Amino acid sequence: ADVAGAAEWNGRGETGDGHVVKVLANVGSPVDARAAADAGAEGVGLFRTEFCYLDADDEPSVDAQRAAYAAVLEPFRGKPVIVRSLDAGADKPLGFLSPEAEPNPALGVRGVRVAFDRVGVLDRQLEAIAGATADSGADVSVMAPMVATAEEAAWFADRVRAAGIARAGVMIEVPAAALGAREVLDAVDFVSVGTNDLAQYTFAADRQLGAVATLNDPWQPALLRLIGMVGEAAKAIGKPAGVCGEAASDPMLARVLAGLGVTSVSMNAGSVRAVGAALASVTLAECERAAEAALAAPTAVAARAAAK
Ligand code: PEP
Ligand code: MG
């Protein structure tokens, strides 16, 4: 999707009346990072570290991880980058972190749950991220995937802070975390909604299965209502709430997200300019009106039409 004026985007993530919504990129490699910087992304909202190790049989050393992460951070000196701890399991198995065979891998020991039994793997990764932060000069935060409760969020934040990393956050990908957003936010510095998994778990619809793709439409009002709860909680407590799933790459939907209280959107590099331009061409009040209309819609199709 593109909108008129994308070529003229001034590179600042904000609405036409100056309400800041940072426009960030999702990256998984040095090539992605360079493309994101070239596309004008203001930083990185999701660095998928597991993409560095999809073929690894053994845990990479701290030094090897530090070098790999620094190569991704390098184009973002002085800019915000959110590094995600390893999101292993389900659709992204890692050779050195594979759990026992499970009947339902998407509901099993995946994401942050892997770290509860393998704390050393997390602590070594955090040590490598802290080193890469120093090497690159990027303004790094770290977040965990697949967090369900405030206790899990607090546990993760403790480990991040113990590693000397400035800010700790978690992803909101499980409906329970969206419903408990206030308590989760109390435990961390920021949250970021992963709409791919949040849709999958909200609609009980495998994100990899074309047959149920209509359920995983990011315009589904039930999904938007959960995101709205996160935005409200973040506003109330004064902490940032981003969106880093596919939803953020749709320019019209990015406006709705801004209206729901989302403070940054993160997407593939190819959508950065169109989303930046879409936000710049409306006011915050217009975003809020679009959000209200989408939330009240009975279907995804109606939500998309109502937000126009
Ligand atoms: C998501 O689930 O929306 C997300 C951004 O994480 P991933 O796609 O890597 O699972
Ligand atoms: Mg996810």
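You'll find the protein chain entered in an unreviewed UniProt entry as Phosphoenolpyruvate-protein phosphotransferase, with Prauserella rugosa given as the organism. Within the UniProt record for the protein chain, the comment given under Cofactor (unreviewed entry) is "Mg(2+)". Taken directly from UniProt, the Sequence similarities (unreviewed entry) text for the protein chain runs: "Belongs to the PEP-utilizing enzyme family."

A few words now on the site of ligand 1. Residues in contact with ligand 1, as listed here, are Leu 46, Arg 48, Asp 87, Glu 173, Gly 194, Thr 195, Asn 196, Asp 197, Cys 244 and Gly 245. Among the elements of the structure, β2 (44-48) and α8 (195-203) are those that each provide at least two residues to the shell around ligand 1. Among the elements that take part in the shell around ligand 1, α8 stands out by supplying three residues, more than any other. A breakdown of the residues in the shell around ligand 1 according to their chemical character gives two nonpolar, four polar and four charged.

Considering the arrangement of structural elements, one finds Arg 182 in helix α7 (residues 181-187). The partly exposed category is assigned to Arg 182, around which 15 C-beta atoms lie within 10 Å. Each C-alpha atom, one on Arg 182 and one on Arg 124, is 30 Å from the other, the two residues being 58 residues apart in sequence. The contacts of Arg 182, once residues within four sequence positions are left out, are Ala 233 and Ile 237.

This part is about the sheet that holds strand β7 (residues 241-243). In a beta sheet, neighbouring strands pair by backbone hydrogen bonds and run either parallel or antiparallel. The strand order around the closed barrel formed by eight strands is β1-β2-β3-β4-β5-β6-β7-β8, and the pairing between neighbours is parallel. Strand after strand, the sheet turns through a mean of 25° between neighbouring axes, direction not considered. For β7 and strand β8 (residues 264-267), the ladder comprises two bridges, and the chain directions are parallel. Paired with Gly 242 across the strands is Ser 264, a residue of β8. Against the sheet, helix α11 (residues 272-280) contacts β1 (22-27) and β8, and its axis sits at roughly 160° relative to β1.

Criteria and cut-off values
Residues numbered from 1 in each chain as written. Chains lettered and ligands numbered in written order. Predicted model: local features only at pLDDT ≥ 70, side-chain atom pairs only at ≥ 80, totals over all residues. UniProt positions renumbered as here; feature names shortened; annotations may be inferred. Near = placed C-beta within 6 Å. Helix = DSSP H or I, 4+ residues; strand = E, 2+ residues; numbered from the N terminus. Nonpolar A, V, L, I, M, F, W, Y, C, P; charged D, E, K, R; others polar. Buried ≥ 20, exposed ≤ 12 C-beta atoms within 10 Å, placed from the backbone. Contact = placed C-beta atoms within 7 Å. Pairing = 2+ DSSP bridges. Axes fitted to C-alpha atoms, helices over the stretch in contact; angles between N-to-C directions.

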